[in-house]
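Remarks on the overall topology
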Amino acid sequence: MKIVFYGAGNMASAIFIGMIENQVVEPSEIYLTSRSMQEKIKFFKENLGVNVSYDDTELLKDADYVILASKPQSFPSVASRIRPYLEPKTKVVSVMAGTQIKTVRRELKTENPIARIMPNTNAMVRHSVNGISYSSNFTDRDELIELMESFGTTVTVEEDEMHNITAATGSGSAFLYYIYEKYAESLMELGFDEEEAMFLTRNLVIGAGKMVEDSELSFSDLRKNITSKRGTTEAGLDALDGESLKKILITTLTAAASRSEELSQDEDE
Ligand SMILES: NC(=O)c1ccc[n+]([C@@H]2O[C@H](COP(=O)([O-])OP(=O)(O)OC[C@H]3O[C@@H](n4cnc5c(N)ncnc54)[C@H](OP(=O)(O)O)[C@@H]3O)[C@@H](O)[C@H]2O)c1
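Predicted model, so just to flag it, every value in this text is computed and none were measured. (Residues numbered from 1 in each chain as written. Predicted model: local features only at pLDDT ≥ 70, side-chain atom pairs only at ≥ 80, totals over all residues.)

With that settled, consider the environment of Glu262. Along the polypeptide, Glu262 turns up in helix H12 (residues 242-268). A C-alpha to C-alpha distance of 9.7 Å links Glu262 and His163, two positions 99 residues apart in sequence. (Helix = DSSP H or I, 4+ residues; strand = E, 2+ residues; numbered from the N terminus.)

Right, let's talk about the nonpolar core for a bit. One broad trend across soluble globular proteins is that nonpolar side chains are buried collectively. Membership of the largest hydrophobic core comes to 48 residues, with the highest contact counts inside it found for Val4, Phe5, Tyr6, Val66, Ile67 and Leu68. The element contributing the most residues to this core is helix H1 (residues 10-21), with six residues. Ignoring sequence-local partners within four residues, the contact set of Phe5 consists of Ala12, Phe16, Tyr31, Leu32, Ile67 and Ala69. (Core = buried A, V, L, I, M, F, W, Y, C linked by C-beta atoms within 7 Å. Buried ≥ 20, exposed ≤ 12 C-beta atoms within 10 Å, placed from the backbone. Contact = placed C-beta atoms within 7 Å.)

Pairs of packed helices are described in terms of their axes, by the angle between the two and the distance that separates them. For the pair helix H8 (residues 172-190) and helix H9 (residues 194-214), interaxial distance at closest approach is 8 Å and the crossing angle is 135°. Considered as vectors, H8 and H9 are oriented oblique to each other. Crossing of H8 over H9 shows right-handed handedness. Across the interface between the two elements, Tyr180, Tyr183, Ala184, Leu187 and Met188 of H8 pack against Glu194, Ala197, Met198, Leu200, Thr201 and Val205 of H9. For the contact of H8 with H9, the residue count by class is nine nonpolar, one polar and one charged. (Axes fitted to C-alpha atoms, helices over the stretch in contact; angles between N-to-C directions. Parallel < 35°, antiparallel > 145°, perpendicular 65-115°, else oblique. Left-handed = near helix turned anticlockwise from the far one by under 90°. Nonpolar A, V, L, I, M, F, W, Y, C, P; charged D, E, K, R; others polar.)

Take the pairing of strand S2 (residues 30-33) next. Both faces of S2 are covered, namely the face carrying Ile30 and Leu32 and the face carrying Tyr31 and Thr33. Pairing geometry for strand S1 (residues 3-6) and S2, over four bridges, is parallel. Residue pairing for S2: Phe5 is matched across the bridge by Leu32. Since S1 and S2 lie parallel, the crossover through H1 that links them has a hand, and here it is right-handed. With two bridges joining them, S2 and strand S3 (residues 51-52) adopt parallel strand pairing. Each bridged residue has a counterpart across the sheet, and for Leu32 the counterpart in S3 is Val52. Crossover connection from S2 via helix H2 (residues 39-48) to parallel S3: handedness right-handed. (Pairing = 2+ DSSP bridges. Right-handed = clockwise from strand over helix to strand, strands pointing away.)

This brings us to the site of the ligand. Close contacts around the ligand come from 27 residues, with Gly7, Gly9, Ser34, Ser70 and Ala97 the closest. Elements supplying a minimum of two residues to the shell around the ligand: H1 and helix H4 (75-82). (Near = placed C-beta within 6 Å.)

Next up on the list: the sheet that holds strand S4 (residues 65-68). Taken in spatial order, the eight strands make up an open sheet running S3-S2-S1-S4-S5-S6-S7-S8, and their pairing is mixed. Either end of the sheet is taken by a strand with one partner, and the two such strands are S3 and strand S8 (152-156). Two elements, strand S6 (residues 114-118) and strand S7 (residues 128-134), share four bridges in a ladder whose sense is antiparallel. Within S7, the position partnered with Ala115 by the bridge is Tyr134.

Spelled out as C-alpha cells, the structure:
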C-alpha cells in the first residue's frame, strides 16, 4: 500500500504513528511531504523509516491514498501540487476541519473517491473518536476504517452531521478539560494550594477514565456505586443541579455545532 500525507504536522503525525505502531502499515508504505523541508520531517524519516519527498510526481505515482493534512487555508496550495498528478485509482482522505467534500472535489478538479475524517487530538494517545463521511463513489470503505481505527474509533455519519461530531468530539475534549480546570480552581477555594489542586484533579480524572475504560457500567451506575444514602457524595450531588448542568452543556454543544455550520457556509461564499 502507498499512503501519501500532504502535511506532517500534529494531526498527520498522530495518524501515521498510530498506523505504524499498530502495524496496519509498514513505515516504507508511508510517504510524507510538507511545505518546507524541516527538522521535524527529517526526524520522522530517520526515526520511523518513512519516506520523505518533495517531488509530487514521485509522491502520487501509484498512490492508494492521499491524506490532506494541511490547515484548510493552505489547501489551495496543496491542491495545486496534487491536481496535475492525481491518478484515478487514488482515494483522497481529508482531515481538514470544516472543509466539505465538494470543496475538495472542486479544488482538486477530480472525480476520485473522497472521504472526510474529523479526528480529535486524542489521536496522539490512540483514542481519537473519528467521524467519517464519504462521497457516494467511495466504495471500499472497510480498508479505510481499519486504517483509521489504528488511532481510535470510527463513527460513520452523513456529511451534514459533521457539525455535531465536530462539537461532540472535535471540540469535546476542550469542554471536558475546562470542567477539570474549574474543578481544580474550586479545590483551591477549599484551601488546597495550586500544586495540590492540580495533582488531585489530574489523578481523579485519570482514575475515572480508567474506570470508564475497564468497567461495563453506565456513567449513572458508576456514580450510584459511590453514592450512599445520606452520605457525603449524596450531599454534594444534591447541591449540584443536574438539569442546570445539562442546560449549560446543551448550550455549549449547540454553540460549537452552529459555529462549525457558519464556518462551512463562509467556505461556500
Ligand atoms: N490538531 C487537531 O486537533 C485537529 C483535529 C481535527 C482536524 N484537524 C485538522 O488537521 C489539519 C492539520 O492540523 P495540524 O494541527 O496537524 O496542523 P499543523 O501542525 O500546522 O500541520 C500542517 C502541515 O501542513 C503542511 N503544509 C502546509 N502547506 C503545505 C503545502 N503546500 N504542501 C504540503 N504540506 C503543506 C505544513 O508544512 P510546514 O510545517 O512545512 O508549513 C505542516 O506539516 C487541519 O486541517 C485541521 O483542521 C486537526
